[in-house]
Amino acid sequence: MLKPLVIAVVVGAVAGGLWCMPGPAPQVQRSTGIGYDRIGAARCGAPTKTTVDLARDAVLIVRAHVLTERAVRASGLIWSEWELDVTETWKGDLPDPPLLVREPGGKIGHVEMRVSAGVRYRVGDEVVAFIVKDALGQWRTAGMTQGQWRVADGRAMRATDRGRSTSVAALRRAVQITNEEGR
Amino acid sequence: MNARVRPYLVVLVAALTALSVRAYLPIWSGGPTTPTPNTWPSGASVNYAVNDQVGTQVIFQAGSLVVPAIDTAVARLGVLSGLTFINQGQTPITDPAQDGTNLLTWADTPANQALLGGGLGITTVWFTNGVITEFDVVGNGSPNSPAPGQGFFFSTLGTPGWFDVDGFVMHEAGHGIGMDHSALFNASMYPFQFAGTLKTRLPAADDDAGVGAIYAQNTGTGSVAGTVQRTGGGTVAGAHVFLVDAVTGRTRQGGFTIGAGTFTIDGIAPGIYRVYVEPVDGPFGPANFSAAWWNGVTIDNTFQTAALGGVASPTVLKVAAGATNSVGTINVNGPAPTRNMVQVFYLSTPTPLVNPVSTLEQPAPYAAWFGIFGTGVDQGPDSAFTFLGPFPDITGPSTWATSNPGFDDRIFPLSIPAETPSGSYVLQWDDPTTGELVVFPGCLEVLPPATPRAYTAPYGPGCPGSTGPVTLTGTGTPSLGNAAFSVTLAGQLGGQLAYFVLCALPDHLQVGPGCFASVDWMTSFFDLTAIALPTGGGGMLTVPFPVPNDPALAGTDIYAQVLVSDPMTPAGYALSNALALHFE
Ligand SMILES: [Zn+2]
């Protein structure tokens, strides 16, 4: 019977927190060889990844406070740019400050550009940010909304977490384990 | 009887408050309580250009007609919005920019990959002071994104495993004219697309109403407005509020509460509805609700699904054309749900998880195997899972219920009867083990059959006579030219007088203690004529209802209910259930 195998794969795939995607698509990937993104995909936004996958993807993982926000024009678009004041570096080599994370969309004067998906930061928030360099060399949030945890009272939560927070310590441990595996 | 009922109608109409009608949630500017839509100018011509030249990379299924599919999709949005879309042909432009060209591109460039972040697609929308000036749609044309060797593939042929160009453009260009995401699974603006499905080509009632609201194209429709708040507590923002047709059980429009906990849902066809509120706790989640990122709406999704009037017996609300029905406050309560349905799958064979498809695209009648995935779905009795309304239902015991860490599943046989009207249905899970109610609106889409089909649908409680309930049923279907169609009244009230009422609209109007008129007597087609019920045969009366072969009747609905005199009841009468007759 196919079923036990399928369930085992599904369980493995979701253990890291596969909840913002609607569905058990990964089992299709393993049982038929068709990638889950070929079955169902976020129309506007990044495919779902586990925390472990996000940690592997990220070149920089930091705990930081969001200091400032401004809108800039780059590559024909408007981007929002946030300066992160890093208090802990969990992965990667921190570049010389300021660390500026960009996401598409923003407003300059009366002209505004919006995108149909994406993540934004709020000045004053404390965050754990999983950061990648995009194809244009900009610092970006890994997996869009999946790579940004807002921190409050020692707990971290993402927009994709369905209201369930994780302790910052546990998140940090998960990143450390992934770092050690990668060596 | 008219004299007794109509005063109630007058009171109800007078009670309708004239709130200012706001739009369904668009891509809006302003703070969490002040949504201002961004739109193209009314009636504008919107030129667009296409770059589907992806070289030797195979991202389009051979034989696909990409540009005609794009043209079809935007033309559909044009019909809904009153905008005129004009194809300017192919363009060498590869990347979005504020350059005056509304672009649809699949070019595999660094700039596009930076924007996509591994996603299927993304749309940039430019606006100034509420007026959209440009949009650009990017489809992911890289064979190595989201992962090396695992790109997306597009088709216009309904190819299994390939994403439909038309449905994709309906969604992305929907953003381009100012629409935000919908939390209804069946809507084109739902934030997830499934490979191989075609249904998002067609706008759902939700898409239709949403576009119509921001472009002032909704005519002959009504609105529902209210506030969601915690019992004895504060208002709830970011809640999904949606309507279910009380006659057929089909889901209709939805919307969200904004910063003050208020919602307005526009573009509602006149009829009777139930109003549900659910938390955005997945599959549509806070990450998909743009107003949380852009407009400062703080989402509260830690409450249980609720309904206007309570989930045990939701209020049936009549929506009239041109009126805004203010429903006041809908109360919700914590704690955060521990149950959730996050996906359904349809299986072509009874072997679980072989050939699953994530949306069912079949006209009725159809039988399928039907899998539910989510938290705790393996728990509790089969009877806890039902589809709202009289048509599709789970027809037998589940064949599989598996508990997994964080990811449970259950598989049922599902039946979609021949009479099932096309549209989208709501799965409800009323879990007695936790007392939680969970809904999955729009998770079952029934396509229109090749030939439209007539149906009857019983609805409404009526009120019993001294001998028990009075039932009204149809025999056969009200197909044009069906001389054999009839309706039958049964209720053990032989010798009493029956008044058949046929109306253009349904209603839900309390006319006495526990007694509801389910047809809108203000829209009755003729004056009442009394028919004496036979004294034998239990007082059962069958009335022939030969359906004329008149094409003008096709697609229309009539709502029937029967009042039977019954001096032994306090009101002096009984009311049958109502019966919707849909002619085709
Ligand atoms: Zn979208």
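The preceding data block contains the structure.
All of these numbers come straight from a predicted model, not from anything done at the bench. (Residues numbered from 1 in each chain as written. Chains lettered and ligands numbered in written order. Predicted model: local features only at pLDDT ≥ 70, side-chain atom pairs only at ≥ 80, totals over all residues. Heavy atoms only, no water.)

A. Representation of the packing of aromatic side chains in the model. Residues and elements named next belong to chain B. Counted by the stated rule, this structure contains 25 aromatic pairs over all chains. Relative to F135, the ring of W40 has its centre 6.4 Å away and its plane inclined at 85 degrees; by these criteria the two rings are edge-to-face. One end of the pair, W40, is in the loop between β2 (36–37) and β3 (45–51); the other, F135, is in strand β7 (residues 131–139), with 95 residues separating them in the sequence. In terms of burial, W40 and F135 fall into one category: buried. Between F242 and Y276, the aromatic rings sit 5.6 Å apart at their centres with planes inclined by 15 degrees, giving stacked as the arrangement. (Phe/Tyr/Trp six-rings, centres within 6.5 Å; stacked < 30°, edge-to-face > 60°. Helix = DSSP H or I, 4+ residues; strand = E, 2+ residues; numbered from the N terminus. Buried < 20%, exposed > 50% of the residue type's maximum accessible area, 1.4 Å probe, protein only.)

B. View of the environment of R155 of chain A. Relative to the assigned elements, R155 of chain A resides in strand β10 (residues 155–157). Not counting residues up to four positions away in its chain, the partners in contact with R155 of chain A are R150, S165, T166, S167 and V168 of chain A. (Contact = heavy atoms within 4.5 Å.)

C. Seen up close, the sheet that holds strand β20 (residues 324–332) of chain B. All names here are of chain B. Ordered by their spatial adjacency, three strands build an open sheet running β16-β13-β20, and the pairing between neighbours is mixed. In this open sheet, the two strands that pair with only one neighbour each are β16 (262–268) and β20. Each neighbouring strand pair of the sheet contributes to a mean axis angle of 20 degrees, computed without reference to strand direction. In terms of strand pairing, strand β13 (residues 222–230) meets β16 through five bridges, oriented antiparallel. For G226, the partnering residue across the bridge sits in β16 and is F263. (Pairing = 2+ DSSP bridges. Axes fitted to C-alpha atoms, helices over the stretch in contact; angles between N-to-C directions.)

D. Looking closely at the pattern of salt bridges. Within the structure shown, the criterion is met by 21 salt bridges over all chains. Here D125 of chain A makes a salt bridge to R150 of chain A, at a shortest N to O gap of 3.2 Å. Pair noted here: D125 of chain A is in the loop between β6 (111–115) and β7 (126–133) and R150 of chain A is in strand β9 (residues 148–152), with a separation of 25 residues, a long-range link. The class for D125 of chain A is buried, based on a relative accessible area of 15%. For D431 of chain B, the salt bridge goes to R339 of chain B, with nearest N and O atoms at 2.6 Å. Here D431 of chain B is found in strand β29 (residues 423–431), whereas its partner R339 of chain B is found in the loop between β20 and β21 (340–347), with 92 residues between them in sequence. In this pair, the class of D431 of chain B matches that of R339 of chain B, namely buried. Each of R63, E88, E126 and R172 of chain A takes part in salt bridges that share partners, so that together they form one network. (Salt bridge = Lys/Arg side-chain N within 4 Å of Asp/Glu carboxyl O.)

E. Quick look at helix α4 (residues 168–182) of chain A. Residue and element names in this part refer to chain A. Counted at 1.5 Å a residue, the expected span for α4 with its 15 residues is 21 Å, and the 21 Å between its end C-alpha atoms agrees. When we look at burial in α4, the residues that qualify are V168, L171, V175, T178 and N179. One side of α4 carries all its buried residues, which in axial view fall inside an arc of 105 degrees. (Expected span 1.5 Å × (residues − 1). Arc of directions from axis to C-beta.)

F. Molecular detail of the environment of L99 of chain A. Residue and element names in this part refer to chain A. With respect to the element layout, L99 can be found in strand β4 (residues 99–104). Taking the C-alpha atoms as reference points, L99 and D85, 14 residues apart in sequence, are found 7.3 Å from one another. The contacts of L99, once residues within four sequence positions are left out, are L60, V62, W82, E83, L84, V86, L94, I131 and W139.

G. Representation of the state of the cysteines within the structure. All names here are of chain B. Using the criterion set out here, one finds one disulfide over all chains in the structure. Note on cysteine connectivity: C463 is disulfide-linked to C515, with sulfurs 1.9 Å apart. Taken together, the residues span a long stretch of sequence, with C463 in the loop between β31 (455–459) and β32 (471–475) and C515 in strand β36 (residues 515–519) at a distance of 52 residues. For C463, a relative accessible area of 6% puts it in the buried group. (Disulfide = S-S within 2.5 Å.)

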